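Structural features, examined
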Amino acid sequence: MGIFGRKNDDTAPEAGAGADLAALTGDYTVDPAHSTLGFVARHAMVTNVKGSFQEFEGTLHLDGEDPTKSTASLDIQMASITTGSPDRDGHLKSADFFKTDEFPTMTFRSTKAEALGDEDYRITGDLTILGVTKPVTIDLEFNGAAKDPFGNERVGFEGKAEIKRSDWGVTWNAALETGGVLVSDKIKLNFDISAIKNA
């Protein structure tokens, strides 16, 4: 499956095996060049608009023997939001939405981690937007571990969550003549994380 994918060698231990996970214990730094923090919002009740944040940093602490002791932290620069439309991006940065001049950073700090079985995990934490902090739960799938050609030990995770933007005070909207609103309150969050083990 490629350099950063799961190993296909039948003789290698499975990624979920205890010995493998124990070896992964340590501190990691999120690699923004190989990670994506994305979101999806319903637009005009008929289509989905996808976007992402281009500038962020984060850290993970993985405890392979006791995953409940694992932690995660993310700091996201709100002005780096992109949806493929400069006009829309400018609106999202404005006082109608994220007020990036006043609140430049969105943060996530984990408070709880759970192992659900197989390669599935769940992490709960505090998400802060516009200075408002609310809990959010993220379902994660462990994609495996690999050493890249530069000698970096990497781990990969995919995650997803759903939030209501109004819970954080992001309430701007416009009514449609045909009924409904321009922008959905429900936002889907998608994560693809590649992290490098600290030396």
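Everything numeric in this text was worked out from a predicted model, so none of it was measured.

Moving on, we get to the overall build of the protein chain. The number of helices and strands found in the protein chain is 2 helices and 11 strands. Helices (α) and strands (β) of the protein chain occur, in sequence order from the N terminus, as α-β-β-β-β-β-β-α-β-β-β-β-β. Here the protein chain holds 199 residues, and 39% of them are scored as buried. Across the protein chain, every contact between residues at least 6 apart in sequence was considered, and the portion connecting residues at least 24 apart equals 57%. A total of about 11,200 Å² of accessible surface is found on the protein chain, and carbon and sulfur atoms cover 51% of it.

Once that is clear, we can look at the nonpolar core. Membership of the largest hydrophobic core comes to 41 residues, with the highest contact counts inside it found for Leu-60, Phe-98, Leu-127 and Val-155. Counting residues per element, this core draws most heavily on strand 11 (residues 183–197), which supplies 5 residues. Excluding residues that lie within four positions of it along the chain, Val-155 makes contacts with Leu-24, Tyr-28, Leu-62, Phe-142, Gly-144, Ala-145, Ile-193, Ser-194 and Ala-195.

With that settled, the discussion passes to the confidence of the model for the protein chain. Of all residues in the protein chain, 90% have pLDDT values of 70 or greater, and the mean over the chain is 89. Scored below 50 in pLDDT, residues 1–19 shows 23 contacts in the model against residues more than four places distant or in partner chains.

This paragraph deals with the side chain of Thr-83. Secondary-structure assignment places Thr-83 in the loop between strand 6 (81–82) and helix 2 (86–93). Residue Thr-83 is classed as buried on the basis of its relative accessible area, which comes to 12%. Within the local environment of Thr-83, its side chain forms a polar contact with the side chain of Arg-88, the two groups lying 2.8 Å apart. A polar contact is formed between the side chain of Thr-83 and the side chain of Asp-89, at a distance of 2.6 Å. Excluding anything up to four places from it in sequence, Thr-83 contacts Phe-39, Val-49, Lys-50, Gly-51, Arg-88, Asp-89 and Leu-92.

Time to look at a nonpolar patch on the surface. Where nonpolar side chains cluster on the molecular surface, the patch consists of Met-45, Val-46 and Val-181 and spans about 270 Å² of accessible area. Following the sequence through the fold, Met-45 ends up in the loop between strand 2 (36–43) and strand 3 (47–53). Accessibility expressed as a relative area gives 45% for Met-45, which makes it partly exposed.

Moving on: the packing of aromatic side chains. By the definition in use, this model includes 3 aromatic pairs. Taking the centre distance of 5.3 Å and the plane angle of 55° together, the rings of Phe-97 and Trp-172 count as tilted. One end of the pair, Phe-97, is in the loop between helix 2 and strand 7 (105–117); the other, Trp-172, is in the loop between strand 10 (153–164) and strand 11, and 75 residues separate them in sequence. Accessibility expressed as a relative area gives 25% for Trp-172, which makes it partly exposed.

Before going further, it helps to examine the pattern of salt bridges. Where charged atoms from two side chains of opposite charge approach closely, those side chains can pair. For the coordinates displayed, the defined rule picks out 5 salt bridges. Measuring nitrogen to oxygen at the nearest pair gives 2.9 Å for the salt bridge that ties Arg-154 to Asp-31. You can see Arg-154 sitting in strand 10 and its partner Asp-31 sitting in the loop between strand 1 (26–30) and strand 2, a full 123 residues away along the chain. Grouping residues by exposure puts Arg-154 and Asp-31 together as buried. Here Arg-109 makes a salt bridge to Asp-75, at a shortest N to O gap of 3.0 Å. Highlighted residues: Arg-109 in strand 7 and Asp-75 in strand 5 (residues 71–77), separated in sequence by 34 residues.

Here Tyr-28 shows up in strand 1. Residues in contact with Tyr-28, not counting those within four places in the same chain, are Gly-58, Thr-59, Leu-60, Leu-62, Glu-153, Val-155, Ala-195, Ile-196, Lys-197 and Asn-198. Polar side-chain contacts of Tyr-28 include one of 2.6 Å to the backbone oxygen of Leu-24.

Here we come to a negative patch on the surface. Judged by side-chain charge, Asp-118, Asp-120, Glu-141, Glu-158 and Asp-192 come together as a negatively charged surface patch. Tracing the backbone shows Glu-141 in strand 9 (residues 132–147).

Conventions and cut-offs
- Residues numbered from 1 in each chain as written.
- Predicted model: local features only at pLDDT ≥ 70, side-chain atom pairs only at ≥ 80, totals over all residues.
- Heavy atoms only, no water.
- Helix = DSSP H or I, 4+ residues; strand = E, 2+ residues; numbered from the N terminus.
- Buried < 20%, exposed > 50% of the residue type's maximum accessible area, 1.4 Å probe, protein only.
- Contact = heavy atoms within 4.5 Å.
- Areas by Shrake-Rupley, 256 points an atom, 1.4 Å probe, with all protein chains shown as cover.
- Core = buried A, V, L, I, M, F, W, Y, C linked by side-chain atoms within 4.5 Å.
- pLDDT = per-residue confidence, 0-100.
- Polar contact = N/O pair within 3.5 Å; in protein donor to acceptor, adjacent residues only side chain to side chain.
- Patch = residues over 30% accessible without salt bridge, like charges linked within 9 Å, V, L, I, M, F, W, Y side chains within 5 Å.
- Salt bridge = Lys/Arg side-chain N within 4 Å of Asp/Glu carboxyl O.
- Phe/Tyr/Trp six-rings, centres within 6.5 Å; stacked < 30°, edge-to-face > 60°.
- Lys, Arg positive; Asp, Glu negative; His and termini not counted.
- Charge placed at Lys NZ, Arg CZ, Asp CG, Glu CD.

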